[in-house]
Amino acid sequence: WVFREESFVPHEVCDDPARLLDPEAHVVIITRDHRTIPADILLQLAPTDAAFARDFDTVIDIVDHSDPARLDASRARYKSWVDAGLRPELKKAV
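Residues numbered from 1 in each chain as written. Predicted model: local features only at pLDDT ≥ 70, side-chain atom pairs only at ≥ 80, totals over all residues. Heavy atoms only, no water.

Chemist: Would you explain the overall build of the chain in this entry?
Modeler: Scanning the chain from terminus to terminus reveals 2 helices and 4 strands. Of the regular secondary structure in the chain, the N- to C-terminal order runs β-β-β-α-β-α. Relative to its 94 residues, the chain shows a buried fraction of 18%. Look at the contacts in the chain between residues 6 or more apart in sequence, and 13% of them connect residues 24 or more apart. A total of about 7,900 Å² of accessible surface is found on the chain, and carbon and sulfur atoms cover 57% of it. (Helix = DSSP H or I, 4+ residues; strand = E, 2+ residues; numbered from the N terminus. Buried < 20%, exposed > 50% of the residue type's maximum accessible area, 1.4 Å probe, protein only. Contact = heavy atoms within 4.5 Å. Areas by Shrake-Rupley, 256 points an atom, 1.4 Å probe, with all protein chains shown as cover.)

This is the structure in structure tokens:
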């Protein structure tokens, strides 16, 4: 099986900035709320708090509508971000 080279997105999993193999990596996957490298965009796949999110120019928070508890958690997170002075924008998936 061969995959087109231009389809691959170089990435790295790293929770320790001292162990980052490629300091120029455009996609860094972290599993804890701490800044591994300077970044403009946070695509969060797990909930994080406003204190961590405010360090990024853009935060993409995926809202799970399939489960009422997760939807309620997303709504609570949105409210906490507004209460912290952040200005979240809602964008509906197409």
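Alright, that's what it looks like, and here's the rest.
Chemist: Mind showing me how you'd approach the side chain of T48 here?
Modeler: Its location among the elements puts T48 in the loop between β3 (41–44) and α1 (50–53). For T48, the residues in contact, after removing those within four places along its chain, are D33, L42, A53, R77 and W81.

Chemist: Looking at this model, I keep getting lost on the pattern of salt bridges. Mind explaining?
Modeler: Oppositely charged side chains are able to pair whenever their charged atoms sit close together. The final tally for this structure, using the stated rule, is 5 salt bridges. When the shortest N-O distance is used, the salt bridge between D61 and R77 registers 2.9 Å. You can see D61 sitting in strand β4 (residues 58–61) and its partner R77 sitting in helix α2 (residues 68–83), a full 16 residues away along the chain. Across the pair D83 and K79 runs a salt bridge whose closest N-O atoms are separated by 2.8 Å. One end of the pair is D83 and the other is K79, both in helix α2 and 4 residues apart, which spans about a single turn. (Salt bridge = Lys/Arg side-chain N within 4 Å of Asp/Glu carboxyl O.)

Chemist: Would you take a moment to explain the packing of aromatic side chains for this structure?
Modeler: Given two aromatic rings, their pairing is described by the distance between the two centres and the angle made by the two planes. Enumeration over the complete set of coordinates arrives at 1 aromatic pair. Each ring, one from F52 and one from F56, has its centre 5.4 Å from the other, and the planes form 65 degrees; the classification is edge-to-face. Residue classification places F52 among the buried positions, given a relative accessible area of 7%. Accessibility expressed as a relative area gives 11% for F56, which makes it buried. (Phe/Tyr/Trp six-rings, centres within 6.5 Å; stacked < 30°, edge-to-face > 60°.)

Chemist: Explanation requested: the environment of K91 in the structure shown.
Modeler: Its location among the elements puts K91 in the segment after α2. Separated by 31 residues in sequence, K91 and I60 place their C-alpha atoms 9.6 Å apart.

Chemist: Could you clarify how one ought to interpret the side chain of Q44 in this entry?
Modeler: Position of Q44 relative to the elements: it lies in strand β3. Judged by relative accessible area, which is 4%, Q44 ranks as buried. A polar side-chain atom of Q44 sits 3.4 Å from the main-chain amide nitrogen of T48. (Polar contact = N/O pair within 3.5 Å; in protein donor to acceptor, adjacent residues only side chain to side chain.)

Chemist: Any chance you could explain the environment of P47 here in plain terms?
Modeler: Secondary-structure assignment places P47 in the loop between β3 and α1. Residues P47 and R70 lie 23 residues apart in sequence; the distance between their C-alpha atoms is 9.9 Å.

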